[in-house]
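An overview of the molecular structure
Listed here are the chains, written in short residue letters.
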Protein chains: 2
Amino acid sequence: MHVRGFTVGDGNFVRSPGQDADIFVANLVDHADGAPVSIGYGRYGPDQSLTETMAVDDVMIVLEGALTVTADGRAIEARSGAIVHMPKGQRVTIRAGSEGALTAFVTYPHWEVARG
Amino acid sequence: MHVRGFTVGDGNFVRSPGQDADIFVANLVDHADGAPVSIGYGRYGPDQSLTETMAVDDVMIVLEGALTVTADGRAIEARSGAIVHMPKGQRVTIRAGSEGALTAFVTYPHWEVARG
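On a predicted model such as this, the values are computed, not experimentally measured, just so you know. (Residues numbered from 1 in each chain as written. Chains lettered and ligands numbered in written order. Predicted model: local features only at pLDDT ≥ 70, side-chain atom pairs only at ≥ 80, totals over all residues. Heavy atoms only, no water.)

With that settled, consider the layout of surface pockets. By volume, the largest pocket is sized at about 330 Å³. Lining the largest pocket we find 22 residues, and of these Ser 16, Val 25, Tyr 44, Glu 52 and Asp 58 of chain A sit closest to its centre. The biggest single contributor to the lining of the largest pocket is strand S9 (residues 91-108) of chain A, with four residues. In terms of residue class, the lining of the largest pocket is made up of 14 nonpolar, five polar and three charged. Roughly 210 Å³ of internal volume is contained in the second largest pocket. Around the second largest pocket, the lining comprises 17 residues; the ones closest to its centre are Val 62, Leu 63, Ser 80 and Gly 81 of chain A together with Leu 63 of chain B. (1 Å grid on protein atoms, 1.4 Å probe; cavity = no way out; pocket = protein on both sides within 12 Å on 5 of 7 lines; lining within 4 Å. Points joined across faces, edges and corners; volume = space filled by probe spheres on them. Helix = DSSP H or I, 4+ residues; strand = E, 2+ residues; numbered from the N terminus. Nonpolar A, V, L, I, M, F, W, Y, C, P; charged D, E, K, R; others polar.)

Here is the structure:
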């Protein structure tokens, strides 16, 4: 594997599986690349939310906008520059603010493989 | 493990090991937390650079400023919002621009353990 750089313009955004909200994901690096992690961007429309049980460890970095991540009854506010670590097995609700949000993510292992 | 959120103000920045430049690293999640990945922030002073052979897969997300990552004779320009994947075993030079840079990183496995 070689060193690779990406910008959001490189992302092929598709609707995040298992939900109907305006939440989209773009994988840049995944199992097909032979890397141990999946890497990509996420895009959340205004006030959109999803709830899921994490199939992998997921690290989300907020690049634009704001999100609220709720787990175990606690709400974490994450604005641009914030990092949220969502460990495997945790049940989380991610809700975008009124401006929506753009995120980068890294998962270990590969989220698409883990979700099947 | 629980879901955790971080901002750059949570970081305890120390000089990045093995080099003398004004380049600092702040681990937020590491092997002591029982997670499979290390997570943190990096801060680069203006025009500072380091060269290293990657001991782990390192994903760097540029939050502020700009960096140039050179590997295999290719230079990747990375500005705010860019993601750079530096696979294990690659030799890279990371150079900050004239405004320095703030980054988020995720490594698999733990960079501090791999460096010994």
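After that view of the structure, there is still more to cover.
As a further point, take the interface of chain A and chain B. Every contact between the two is made by 36 residues of chain A and, on the other side, 36 residues of chain B. Carbon and sulfur atoms make up 71% of the surface buried where chain A meets chain B, a total of about 2,900 Å² over both sides. Together, Val 3, Ile 83 and His 85 of chain A form the three largest contributors to the area buried by chain A at its contact with chain B, with a combined 26%. Remark: the boundary between chain A and chain B carries zero salt bridges. Applying the counting criterion to the chain A and chain B interface returns 13 residue pairs in polar contact (both at pLDDT 80 or more). Of all the secondary structure elements, the ones that give two or more residues to the side of chain A that touches chain B are strand S1 (4-6), strand S3 (23-29), strand S4 (38-44), strand S6 (57-71), strand S7 (74-79), strand S8 (83-86) and S9 of chain A. (Contact = heavy atoms within 4.5 Å. Buried area = accessible area lost by both parts, 1.4 Å probe. Salt bridge = Lys/Arg side-chain N within 4 Å of Asp/Glu carboxyl O. Polar contact = N/O pair within 3.5 Å; in protein donor to acceptor, adjacent residues only side chain to side chain.)

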